Amino acid sequence: MRVPRVAVAGVKSGVGKTTIAAGIMAAFAGRGLRVQGFKVGPDYIDPTYHAAATGRVSRNLDPVLVSPEAVKESFLRAARTADLAVIEGVMGLFDGQVGSGHGSTAEVCRQLDTPVILVVDASSLGQSVAPLIWGYSRFDPRVRVAGVILNWVAGPRHASLLRQAVEGGTGIPVVGVVPREEAMSLPSRHLGLVPAVEREDLARATRRLGEIASRYLDLNRILDLARGAPDLEPPPASVFPLAPPRQRWPIAVARDAAFHFYYQDSLEYLEALGAELVPFSPLEDRCLPGGAAGVYLGGGFPEVFLESLSANRALQAELRRRAAEGMPIYAECGGLMYLCREVRDGEGRAWPLVGLLPADCYLERRLVSMGYRQATVLRRNLLFDAGRRVTGHEFHYSRLEVTTPDFPWAYEVEEGQSGSRVEGYARGNLLASYLHLNFLGCPEGAARFLEAARGYARGLPPAKPPG
């Protein structure tokens, strides 16, 4: 399958990958091309800027959470209707799990045979940029560094020196030079960039990124590199079911400024199994969508909207009633916080919330947990059987304080040499956890969720709590 594609990678974090990648997407979309964005790794926020730039939902390519075959299938499913695919990397080009590089941008580029454009923070570099690029281009011969973008360049003389050093010393073309005064930037806070959904100036900011990319990047050269990528063979077997579902079951999905962390492939996999995904807002809606047979509460930033979430007592009451009836409810990270009895903010104020978990949630000023996690299911739950090992990702500034001695923990999470810890809540048809999962990596979990929704819709009794 022919897919023009290019990856935008960095020599390290903080070199401007997201803004440059989004600028490239916006510039080509402005030329009338159908541009499909991708993000390497588990990040939820960067893809929102890709979507704003292209008008198409961006996808995560994460070889830690899903298999190599699923990475390729995800890529081809999304890119088959595009004129150009742009993959934004994660951290530095070769950064992944310590000791293996698993999950790195380089790994995805090897799997998808994709040329790399390397972004360099050139603000404090001179001729030393040449050995830097030389090392990156030769570290792994299976990864082709096809172009360089120099970011935060001081002026014309600096640009000339850098260009001569890179092209003369490595033979790799410089396909863009962005001056310091035109540096593209996006606002940040504790979990990274401020999500696009919260930006009132989003259209103007995205247009600005496209204008800067058009002015300072050689878009024709970049397009030639993308079009020179070799054809890709589809994986031998599909993760997605080949036949359409015979019947659909409505699943209410929390989608608003507080809850919007979802992997697009997870949602589409649920749809492929028979889910009809119906959005609702815990911030504004006083009831669940009519006919809902299950609830999916994703992550997000509930801590930013505690006053509004706490004030919506009507929806909280309905969630408690539906849970008592056996409606399947699956919650990740921010969704787990929302289901607690209360959340205490950084000033110590308590905000009452749904109360389905016999636990309180405390916001911390420091990061509590971040990274990929291997976990073992402790008891049969909404998604998995006991003993199943799952891989997920955590990134949160909050912690749970349980209020009952027989708290039904969902997982035992490995902590490396420090042992393990228990995490999550599993009882009946309710599963809540800090772990973010990608259903392409655990498809039986999605199938179990839909099966529970079918049972609830048909009036079957809910699953009994273990023990």
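The rules behind the values
- Residues numbered from 1 in each chain as written.
- Predicted model: local features only at pLDDT ≥ 70, side-chain atom pairs only at ≥ 80, totals over all residues.
- Heavy atoms only, no water.
- Phe/Tyr/Trp six-rings, centres within 6.5 Å; stacked < 30°, edge-to-face > 60°.
- Helix = DSSP H or I, 4+ residues; strand = E, 2+ residues; numbered from the N terminus.
- Buried < 20%, exposed > 50% of the residue type's maximum accessible area, 1.4 Å probe, protein only.
- Lys NZ or Arg CZ within 6 Å of the ring centre and 35° of its normal.
- Polar contact = N/O pair within 3.5 Å; in protein donor to acceptor, adjacent residues only side chain to side chain.
- Contact = heavy atoms within 4.5 Å.
- Core = buried A, V, L, I, M, F, W, Y, C linked by side-chain atoms within 4.5 Å.
- Pairing = 2+ DSSP bridges.
- Axes fitted to C-alpha atoms, helices over the stretch in contact; angles between N-to-C directions.
- Salt bridge = Lys/Arg side-chain N within 4 Å of Asp/Glu carboxyl O.

Asker: Would you mind going over the packing of aromatic side chains with me for this structure?
Answerer: Pairs of aromatic rings are described using the distance from one ring centre to the other and the angle between the two planes. All chains considered together, the criterion is met by 16 aromatic pairs. Geometrically, the ring pair formed by phenylalanine 240 and tyrosine 269 is edge-to-face, given 5.5 Å between the ring centres and 75° between the ring planes. Here tyrosine 269 lies in helix 9 (residues 264–273) and phenylalanine 240 lies in the loop between helix 8 (219–227) and strand 10 (249–254), a separation of 29 residues in the sequence. Each of the two residues, phenylalanine 240 as well as tyrosine 269, counts as buried. Cation over ring: arginine 399 sits above tyrosine 362, and NZ or CZ is 4.7 Å from the ring centre.

Asker: What is the right way to look at the side chain of glutamate 342 in this model?
Answerer: Relative to the helices and strands, glutamate 342 resides in strand 16 (residues 340–344). Reaching out from glutamate 342, the side chain makes a polar contact with the side chain of arginine 344 at a distance of 3.3 Å. Among residues more than four places away in sequence, those in contact with glutamate 342 are Ala350, Trp351, Pro352, Leu353, Ala359, Asp360 and Cys361.

Asker: Whenever I open this one, the nonpolar core confuses me. Can you help?
Answerer: In a soluble, globular protein the nonpolar side chains are often hidden away together inside. In this structure, Phe75, Leu93, Leu150, Tyr296, Tyr338, Leu339 and Tyr411 are the most contacted members of the largest nonpolar core, which totals 153 residues. With residues up to four places along the chain from it excluded, the contact list for leucine 339 reads Leu297, Ile329, Ala331, Val354, Gly355, Leu356, Leu357, Leu430 and Ala432.

Asker: Before we go on, may I ask you to explain the environment of alanine 205 in this structure?
Answerer: Among the secondary structure elements, alanine 205 is positioned in helix 7 (residues 202–216). For the pair formed by alanine 205 and tyrosine 49, sequence separation is 156 residues and the distance between their alpha carbons is 9.8 Å.

Asker: What is the right way to read the sheet that holds strand 22 (residues 409–414) from this model?
Answerer: Remark on secondary structure: sheet strands pair via backbone hydrogen bonds, oriented parallel or antiparallel. Across the sheet, which stays open at both edges, the nine strands sit in the order 12-10-13-15-24-23-22-19-20 with mixed pairing between neighbours. Of all strands in the sheet, those bounded by a partner on one side alone are strand 12 (275–280) and strand 20 (389–396). Each adjacent strand pair in this sheet contributes to an overall mean axis angle of 25°, direction not counted. For strand 10 and strand 12, the ladder comprises six bridges, and the chain directions are parallel. Along strand 12, the bridge assignment pairs valine 253 with proline 279. Across the sheet, helix 13 (residues 443–457) is in contact with strand 10, strand 12, strand 13 (294–297) and strand 15 (329–332); its angle to strand 10 comes to roughly 115°.

Asker: When you look at the side chain of asparagine 438 in this model, what are you seeing that I'm missing?
Answerer: As for its position among the elements, asparagine 438 is in the loop between strand 24 (430–433) and helix 13. Engagement of the side chain of asparagine 438 in a polar contact is seen with the backbone nitrogen of leucine 440, the distance being 3.0 Å. What asparagine 438 contacts, discounting residues up to four positions off in sequence, is Leu65, Val66, Tyr263, Asp265 and Ser266.

Asker: Help me understand the pattern of salt bridges, please; the structure alone is not making it clear to me.
Answerer: Where side chains of opposite charge bring their charged atoms close, a pairing between them can arise. This structure, assessed with the given rule, holds 27 salt bridges. Glutamate 444 serves as the salt-bridge partner of arginine 388, at 2.4 Å between the closest nitrogen and oxygen. Of this pair, arginine 388 sits in the loop between strand 19 (369–377) and strand 20 while glutamate 444 sits in helix 13, and the two are 56 residues apart along the sequence. Between arginine 454 and glutamate 451 there is a salt bridge, with its nearest N and O atoms 3.2 Å apart. Placement of both arginine 454 and glutamate 451 in helix 13 is noted, with a separation of three residues, approximately one turn of the helix. Taking relative accessible area as the criterion, arginine 454 reaches 17% and is therefore assigned buried. The partly exposed category is assigned to glutamate 451, whose relative accessible area is 45%. One salt-bridge network, in which partners are shared between bridges, spans Arg59, Arg77, Asp265 and Glu268.

Asker: Quick question: what am I supposed to make of the sheet that holds strand 16 here?
Answerer: On the basis of which strands lie adjacent, the open sheet formed by four strands has the order 17-16-18-21 and mixed pairing. A single partner strand is all that each edge strand has here, and the edge strands are strand 17 (350–352) and strand 21 (398–402). Across this sheet, the average inter-strand angle for adjacent strands is 25°, counted without regard to direction. Two strands pair when backbone bridges link them, and strand 16 and strand 18 (residues 357–363) are joined in this way by four bridges, in the parallel orientation. The partner of valine 343 across the bridge, within strand 18, is cysteine 361.

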